[in-house]
Amino acid sequence: MLTDEVTIKVSGGKGGDGKVHFDNTKSKEGVDGGSGGNGGSVFLVGVSDLGALGQFRFKKEFKAEDGKNGQVKKKHGRNGKDIFLKVPIGTVVLNKTTNKKQEVLEVGQKILVAKGGVGGRGNFEFKSSTNTAPKYAEKGKEGESFEIFLELQLIAQVGFVGLPNAGKSSMLNELTEASVKVANYRFTTLEPNLGVLDGLILADIPGLIEGASEGKGLGIKFLKHIKRTKVIIHFISSESENLKKDYQTVKQELKRYDKSLAEKEKFIFLTKHDLFDKKEIEKKINILKEVSKNDVLAVSIYDPDSIEKARKIILKFSV
Ligand SMILES: Nc1nc2c(ncn2[C@@H]2O[C@H](COP(=O)(O)OP(=O)(O)OP(=O)(O)O)[C@@H](O)[C@H]2O)c(=O)[nH]1
Ligand SMILES: [Mg+2]
């Protein structure tokens, strides 16, 4: 299963303590206690591996290294090492304490999620003309510590939605290099699939059914993966016995999840047109046009012309 939601705890390292020290071999002015190093910080870094959140299924706490304490002879303690946690691009990061939200959108992008504590100053740093032999130093500060919620929202420009068995994955396979499992039963697709068409990322989402927003079937949690898309293509099988109802069912579930998703629907693909003659397909197209303002294209994986048309439509609406 694709891990797309997880809460983890991240903590920066503690700063090292400053040192109080006098070099007794010299005069009273031999103050030489060094400062502590800074604690390491925790960063997230974007990677292309969509499964990267899987690493957090069992290990959920991450703490960067503490800074080392200051030493004699004015020596600074070493800074603690930073930690870089890999997360897939598209990850939304919510800090549960501050409620601040950040997004990792590019490979290599780094986001600071817990800053290490500052090291304490050693007594050498406090030496002045009025206080030539300070007997104190600062303690290092604790690092920040937060629970953060990581949610993957895939980065795709186009989303395929529809009832189960409508032919979404089959079309993804035709249009892109993807080779996704296709079968003649419902809920073949259990997790979103991605494919690339002329640089555009297409996301094939598991089938929706009536009541998905209440958890029926596979639910609607997958819809978060098409929140970022510009275009949604609605797939309806020409085998449907009630085209209008099937159309409205899916549209309703999209609306229940997020009104703006339903508005992203730009085209309807009436699939498997090879199973009916031209006249019947025309009729079905007209029925769909009665319920939707969007245009309808009849497609079949056995009709290369229709696949080329589908490609052009997707490109036209996405750029
Ligand atoms: N005759 C015909 N069958 C098709 C066509 N496209 C898909 N199918 C068949 O329809 C069935 C379902 O196809 P999928 O692509 O798995 O459907 P899906 O919408 O991804 O289904 P879920 O993953 O369950 O949501 C498979 O048996 C496909 O072979 C088509 O153009 N013509
Ligand atoms: Mg599928």
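Note that this is a predicted model, so its numbers are computed, not measured.

### Quick notes on the site of ligand 1
Residues in close proximity to ligand 1 total 22 residues, the closest being Lys168, Ser169, Ser170, Phe187 and Thr189. In this structure, Gly167 approaches ligand 1 through a main-chain N or O atom, which is 2.9 Å from an oxygen atom. A distance of 2.8 Å is found between an oxygen atom of ligand 1 and a side-chain nitrogen or oxygen belonging to Thr189. Compared with its free state, where it exposes 650 Å², ligand 1 has 90% of that area covered by protein. Its residues assigned to classes, the shell around ligand 1 comprises nine nonpolar, nine polar and four charged.

### A word on the coordination of the magnesium ion (ligand 2)
Taken together, Ser169 (OG) and Thr189 (OG1) make up the full set of protein donors to the magnesium ion (ligand 2), lying 2.0 to 2.1 Å away. With a gap of 20 residues between them, Ser169 in helix H1 (residues 168-175) and Thr189 in the loop between H1 and strand S10 (193-197) connect regions that are remote in the sequence. You can call Thr189 buried: its relative accessible area is 10%.

### A look at the side chain of Thr271
Along the chain, the position of Thr271 falls in strand S13 (residues 265-271). The exposure class of Thr271 is buried, given its relative accessible area of 4%. Once residues within four sequence positions are removed from consideration, Thr271 is found in contact with Ala166, Phe235, Ile236, Ser237, Ser238 and Val299.

### Observations regarding the pairing of strand S5 (residues 91-95)
Among the five residues of S5, four are classified as buried, and the element is accordingly described as predominantly covered. Bridge analysis of S5 against strand S6 (residues 101-104) gives four bridges, and the strand direction is antiparallel. The residue of S6 that forms the bridge with Thr91 is Val104. Connecting the antiparallel pair S5 and S6 is a turn made up of five residues, with Asn99 showing a positive phi of about 65 degrees. The sheet contact formed by S5 and strand S8 (residues 145-152) spans five bridges and is antiparallel. Counterpart to Leu94 in the pairing with S8 is Phe149.

### Some details on the pairing of S13
Of all seven residues making up S13, six are buried, and the element is well covered by its neighbours. Across six bridges, strand S12 (residues 231-237) lies against S13 in parallel orientation. Paired with Ser237 across the two strands is Thr271, which belongs to S13. In this structure, S13 lies alongside strand S14 (residues 295-298), joined through four bridges in parallel fashion. Along S14, the bridge assignment pairs Phe267 with Asp295. Each parallel crossover has a hand, and for S13 linked through helix H4 (residues 278-291) to S14 it is right-handed.

### Section: the packing of helix H2 (residues 243-257) against H4
Helix-helix packing: each pair is described by the crossing angle between the helix axes and the interaxial distance. At a closest axis distance of 9 Å, the pairing of H2 and H4 adopts a crossing angle of 45 degrees. The angle between H2 and H4 falls in the class oblique. Read as a crossing pair, H2 and H4 show a hand that is right-handed. Contact residues: Leu243, Lys244, Tyr247 and Gln248 in H2; Lys284, Ile287, Leu288, Glu290 and Val291 in H4.

### Here we look at the pattern of salt bridges
The full count for this structure, using the stated rule, is 19 salt bridges. Salt-bridge contacts for Arg78 lead to Glu65; the nearest nitrogen and oxygen are separated by 3.3 Å. Residue Arg78 is found in the loop between strand S3 (61-63) and strand S4 (83-88), and its partner Glu65 is found in the loop between S3 and S4; the two are separated by 13 residues along the sequence. When its relative accessible area of 42% is taken as the criterion, Arg78 is described as partly exposed. With a closest N to O distance of 3.3 Å, Glu253 and Arg256 form a salt bridge. Residue Glu253 and its partner Arg256 are located together in helix H2, separated by three residues, close to a single helical turn.

### What about the nonpolar core?
Within the largest apolar cluster, 23 residues are counted, with the highest numbers of intra-cluster contacts made by Val158, Phe160, Leu202, Ile233, Phe269 and Ile314. At the level of secondary structure, the elements contributing two or more residues to this core comprise strand S9 (158-162), H1, strand S11 (200-204), S12, S13 and helix H5 (304-318). The greatest single-element share of this core, amounting to five residues, is contributed by H5. Leave out the neighbours within four places in its chain, and Leu202 touches Val158, Phe160, Leu172, Leu175, Thr176, Asn193, Leu194, Gly195, Leu197 and Ile314.

### What about H4?
Taking 1.5 Å of rise per residue, the 14 residues of H4 would be expected to cover 20 Å, and the 21 Å separating its terminal C-alpha atoms lies within 8% of that figure. Along H4, the positions that sit buried rather than exposed are Ile281, Lys284, Ile285 and Leu288. For H4, the angular spread of buried residues about the axis comes to 100 degrees, placing them on one side. Opposite the buried face of H4, by more than 90 degrees, sit the exposed residues Lys279, Lys283 and Glu290. Where H4 is buried, its residues contact S12, H2, S13 and S14.

About the thresholds
- Residues numbered from 1 in each chain as written.
- Chains lettered and ligands numbered in written order.
- Predicted model: local features only at pLDDT ≥ 70, side-chain atom pairs only at ≥ 80, totals over all residues.
- Heavy atoms only, no water.
- Near = heavy atom within 4 Å.
- Polar contact = N/O pair within 3.5 Å; in protein donor to acceptor, adjacent residues only side chain to side chain.
- Areas by Shrake-Rupley, 256 points an atom, 1.4 Å probe, with all protein chains shown as cover.
- Nonpolar A, V, L, I, M, F, W, Y, C, P; charged D, E, K, R; others polar.
- Donors = N, O, S within 2.8 Å, 3.2 Å for Na, K, Ca; no water.
- Helix = DSSP H or I, 4+ residues; strand = E, 2+ residues; numbered from the N terminus.
- Buried < 20%, exposed > 50% of the residue type's maximum accessible area, 1.4 Å probe, protein only.
- Contact = heavy atoms within 4.5 Å.
- Pairing = 2+ DSSP bridges.
- Right-handed = clockwise from strand over helix to strand, strands pointing away.
- Axes fitted to C-alpha atoms, helices over the stretch in contact; angles between N-to-C directions.
- Parallel < 35°, antiparallel > 145°, perpendicular 65-115°, else oblique.
- Left-handed = near helix turned anticlockwise from the far one by under 90°.
- Salt bridge = Lys/Arg side-chain N within 4 Å of Asp/Glu carboxyl O.
- Core = buried A, V, L, I, M, F, W, Y, C linked by side-chain atoms within 4.5 Å.
- Expected span 1.5 Å × (residues − 1).
- Arc of directions from axis to C-beta.

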